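Next come the chains, spelled out residue by residue.
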Amino acid sequence: MIYCVLTCNGDTTGAEPVTYRWTSGDKSLSSAKEHKITKEDNELWFSCAFENPVSFNSSEKVRNPFNKEPLYRKIGDKAVLTPDSVVNPIKSIAWTHGPSIAMEWFRNGDETSSYRQFKDRGSLNTSTGALTITGLTPDDSGNYTVEINNKVTSKTELLVISLVSKPTVSVWCVMIYCILTCNGDTTGAEPVTYWWTSGNTTWSSTKEHKITMEDKEPWFCCAFENPVSFNSSEKVPNPFIKWVLIWTFIFIAVFILVVCIIIIYFRCTRRAREAQRRWQEFLQRWDKEFQEMLDKVNSKIPEINKTSTQDLETAESPDTSNETERPASLVEETSPQDTTSTGPPETSNETERSTTSPDVPETSTQDLETAESPDPSNETEMSVLLPPVENPSTQDPTSVVTQDPSNETEESAMIPDNAETRC
């Protein structure tokens, strides 16, 4: 008996208990590590899986070793199905598609019979037994069995599939790794193989590809491949390098911003200091000018106070020096020896008395001293008897020089000849 043994291999250290599962399509086969098959097993492929209470993982598909590799064709293409062996002479040929007859030929009748979709698109080579199908559609997929001279010689699986679409890559990252997912519509294009590439490096992987910070590739792209087509996605930058670049740009931008803020700050500070310096200079200059003005005012205050005091003293107490000088001048004016002397025409207290009293007694030294130093108590009385006396300093010099002769004669007539004058 011819058979094959399929073994499910893998490291299960630390993952026990592990259960083995063999499947073919939707069909579950056995739960042992090894699986035995024969020619009678019509499954096209097999796969094994590891399962424990916390996880499940499946292997790649393995073709049934007793069957030939399936024949893949794209929709609209042509397929030629050839028997494995030929027994000459060929007397009859019969191709079946699954359980139904597709085409048959008998040498005696020398006629080819076609059924269903093969009437218009199928042809049979009676010399080699090959079946040709044109304009393939997904309905043409299936197992084809050929009987030559009423003996099954081979089985062929034909799979009509679509071209793969252009995939896209999505990125999901955490702190230490990223998951790249190859997305795209693979309906009708199975089996699809996923490829991940970066530069000249290629990885055959699943739909998802995990990278870490140790991966230094600048970019990644994924590809869909099936037996009849291949299509690749656009390049996606390495997320870690991308984030490094982004953070680098952010750092540079922040650095430039900080530098600009510092420059603006120092410029504003310098301007503020300059404005403050100018303001201080203005205040100092203004304070200096104000101080100079105050000094000038303070320097004039003593003079003003002195003048005010003198005016006040003059107003309160008359000048006694003028009182002393007036008798002497009067005496000089009344002297009979000097009738041409000039002097201000003042009317003294003595003149008033001489006018009112013709009989003037002899002037003694005591009376003269009394006349030179008048008693302050008599000032009021004298002021009543005497007319106001003008300050000699304010008199007109012309009036002092020009005297009226009539006044001198009158004064001399009023003073007795026996008056004694002392200076």
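Residues numbered from 1 in each chain as written. Predicted model: local features only at pLDDT ≥ 70, side-chain atom pairs only at ≥ 80, totals over all residues. Heavy atoms only, no water.

A. Quick peek at the pairing of strand β20 (residues 201–205). When strand β19 (residues 193–198) meets β20, the two strands line up antiparallel, connected through five bridges. Paired with Trp196 across the bridge in β20 is Trp203. What sits between β19 and β20 in their antiparallel hairpin is a turn of two residues, with Gly199 showing a positive phi close to 65°. (Pairing = 2+ DSSP bridges. Helix = DSSP H or I, 4+ residues; strand = E, 2+ residues; numbered from the N terminus.)

B. Up close: the sheet that holds strand β14 (residues 131–133). Here we have three strands laid out as an open sheet, ordered β9-β14-β13, and antiparallel in their pairing. A strand with exactly one partner marks an edge of an open sheet, and here the two such strands are β9 (79–81) and β13 (122–124). Averaged over all pairs of adjacent strands, the angle between strand axes in this sheet comes to 15°, irrespective of strand direction. Across three bridges, β9 lies against β14 in antiparallel orientation. Following the sheet pairing, Ala79 is matched in β14 by Ile133. (Axes fitted to C-alpha atoms, helices over the stretch in contact; angles between N-to-C directions.)

C. Inspection of the nonpolar core at higher detail. Membership of the largest hydrophobic core comes to 19 residues, with the highest contact counts inside it found for Leu81, Ile93, Trp95, Leu131, Ile133, Tyr144 and Leu158. Secondary-structure elements contributing two or more residues to this core are β9, β10 (92–97), β11 (100–106), β14, β15 (142–148) and β16 (151–161). Apart from the residues lying within four places of it in its own chain, the contact partners of Ile93 are Met103, Glu104, Trp105, Leu124, Asn125, Thr126, Gly129, Val146 and Glu147. Counting 15 residues, the second-largest nonpolar core is a separate cluster that includes Val169, Leu180, Ala189 and Val192. (Core = buried A, V, L, I, M, F, W, Y, C linked by side-chain atoms within 4.5 Å. Buried < 20%, exposed > 50% of the residue type's maximum accessible area, 1.4 Å probe, protein only. Contact = heavy atoms within 4.5 Å.)

D. Geometry of unusual backbone geometry. Each neighbour pair has its own omega, and for Glu16 with Pro17 the value is 0°, a cis peptide bond. Topologically, Pro17 is positioned in the loop between β1 (3–7) and β2 (19–24). A positive phi is found at Arg116, a non-glycine position, where the angle reads about 50°. Locating Arg116 in the fold gives a position in the loop between β12 (111–114) and α1 (118–121). Classification of Arg116 as partly exposed rests on a relative accessible area of 40%. Phi at Asn150 takes a positive value of approximately 65°, unusual for a residue other than glycine.

E. Spatial organisation of the packing of aromatic side chains. If you walk through the whole model with that rule in mind, you get seven aromatic pairs. With a centroid separation of 5.2 Å and an interplanar angle of 80°, the aromatic rings of Tyr20 and Phe50 are classed as edge-to-face. Placement of the pair is Tyr20 in strand β2 and Phe50 in strand β5 (residues 45–52), with a sequence separation of 30 residues. For the pair Tyr20 and Phe50, a shared accessibility class is recorded, and that class is buried. Geometrically, the ring pair formed by Phe118 and Tyr144 is edge-to-face, given 6.2 Å between the ring centres and 85° between the ring planes. With Phe118 in helix α1 and Tyr144 in strand β15, this pair connects stretches of sequence that are 26 residues apart. Both residues of the pair, Phe118 and Tyr144, count as buried. The cationic tip of Lys36 hangs over the ring face of Tyr3; the distance from NZ or CZ to the ring centre is 3.9 Å. Its guanidinium or amino end placed over the ring of Tyr177, Lys210 lies 4.4 Å from that ring's centre, counting from NZ or CZ. (Phe/Tyr/Trp six-rings, centres within 6.5 Å; stacked < 30°, edge-to-face > 60°. Lys NZ or Arg CZ within 6 Å of the ring centre and 35° of its normal.)

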